[in-house]
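# Structural overview for review
Letter by letter, the chains look like this.
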Amino acid sequence: MAGFYTKRKKTGKKKIHTQAAVTAVLMLLSFAAGALTHRALTRPPQTDAGLTYIEEIPVVTDFLPEGCRARPGEKREIKYLVLHETDNFSAGADAAAHNSFIHQNANAPEGIVSWHYTVDDRQIYHHLPDDENAYHAGDRMEKNGGNLNGIGIEMCVNEGSNYEQTLLNAQKLCARLLIEYDLKPGALRRHQDFSGKVCPARLIESGRWDAFCAAVEQRYRELKSVQ
């Protein structure tokens, strides 16, 4: 009988130790989950992706001056990536040229336009912080509209440039921005979706918009898998 009771006591201690270990593990997991939740809730909102390169593509940041008419400066929630084409077929009308244009006309008395990125076949220019609204979608500042909630991306179509490479560079930019702002590929929009204007014209008229979106989604999934 003494041996029996001794055995029972050892088993009881083992159960107590096991329960204590399980409780400790659960407490640690709960603490870790709480810490991650706290970080997510208290982390300051991202104001700009701060991109300098996307793979091999240089991103040149040259923001419009604060307070100019083309930079209203209103902070907003980013919901869309709004794709455009410049419709400027002149030789040399690349991303750098459009950056000069947008700066030169930042305080124009009328016809104000602004957007966030211009993409050509060699580089990308960044004109406004991502979290600020702009004038590119032709829908004024409608709630849930392209101007108020979209990042405007212009793709160059100038003579002598490689349009296919421009599309490829824009796809890489879009995929990266989707990741940066925790958006899904369904956030891609055309200028046409907000104003009715046929833009991006070449992409729409050639029936390639869906293929463009599919290519962005493929790159997005590749980036997600790396994460």
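Residues numbered from 1 in each chain as written. Predicted model: local features only at pLDDT ≥ 70, side-chain atom pairs only at ≥ 80, totals over all residues. Heavy atoms only, no water.

### Some thoughts on helix α7 (residues 209-226)
- If you check α7, its first and last C-alpha atoms are 26 Å apart, about what 18 residues at 1.5 Å a residue would give, namely 26 Å.
- W209, F212, C213, V216 and Y220 are the residues of α7 that are buried. For α7, the angular spread of buried residues about the axis comes to 95 degrees, placing them on one side. Seen from the open side of α7, the exposed residues pointing more than 90 degrees away from its buried face are D210, R221, S225 and V226.
- Close packing links the buried residues of α7 with β3 (80-85), β6 (150-155), α4 (163-180), β7 (188-190) and α6 (201-205). (Helix = DSSP H or I, 4+ residues; strand = E, 2+ residues; numbered from the N terminus. Expected span 1.5 Å × (residues − 1). Buried < 20%, exposed > 50% of the residue type's maximum accessible area, 1.4 Å probe, protein only. Arc of directions from axis to C-beta. Contact = heavy atoms within 4.5 Å.)

### A short note on the confidence of the model for the chain
- Taken as a whole, the chain shows an average pLDDT of 86; of its residues, 79% reach a score of 70 or greater.
- In the predicted structure, residues 24-44 sits below a pLDDT of 50 and forms zero contacts with residues beyond four places in sequence or in another chain. (pLDDT = per-residue confidence, 0-100.)

### Observations concerning the pairing of β6
- Of all six residues in β6, six are buried; the element is thus mostly enclosed.
- As paired strands, β3 and β6 are joined by six bridges and run parallel to one another. Following the sheet pairing, Y80 is matched in β6 by G150.
- The pairing of strand β4 (residues 117-119) with β6 spans three bridges and is parallel. Of the residues in β6, the one forming a bridge with V119 is M155. (Pairing = 2+ DSSP bridges.)

### Some words on the side chain of D120
- Considering the arrangement of structural elements, one finds D120 in the loop between β4 and β5 (124-126).
- Within the structure, the side chain of D120 is placed 3.1 Å from the backbone nitrogen of A95, a separation counted as a polar contact.
- Within the local environment of D120, its side chain forms a polar contact with the backbone nitrogen of Q123, the two atoms lying 2.7 Å apart.
- Residues within four places of D120 in sequence aside, it is in contact with D94, A95, C156, T166 and N169. (Polar contact = N/O pair within 3.5 Å; in protein donor to acceptor, adjacent residues only side chain to side chain.)

### What to know about the pattern of salt bridges
- Applying the stated rule across the entire model yields 13 salt bridges.
- The shortest N-O distance in the salt bridge between K75 and D131 comes to 3.2 Å. Here the residue K75 occupies a position in the loop between β2 (57-61) and β3, and D131 occupies one in the loop between β5 and α3 (146-149), the gap between them amounting to 56 residues.
- For R208, the salt bridge identified is with E164, shortest N-O distance 2.9 Å. In this pair, R208 sits in the loop between α6 and α7 while E164 sits in helix α4, placing the two residues 44 residues apart along the sequence.
- With relative accessibility at 31%, the residue R208 sits in the partly exposed group.
- Put simply, E55, E56, K172 and R219 are held in one network by salt bridges that share partners. (Salt bridge = Lys/Arg side-chain N within 4 Å of Asp/Glu carboxyl O.)

### Overview of the pairing of β3
- The element β3 is largely enclosed, with a buried count of six among its six residues.
- Residues Y80, V82 and H84 of β3 are buried on one face, and the alternating residues L81, L83 and E85, pointing to the opposite face, are buried as well.

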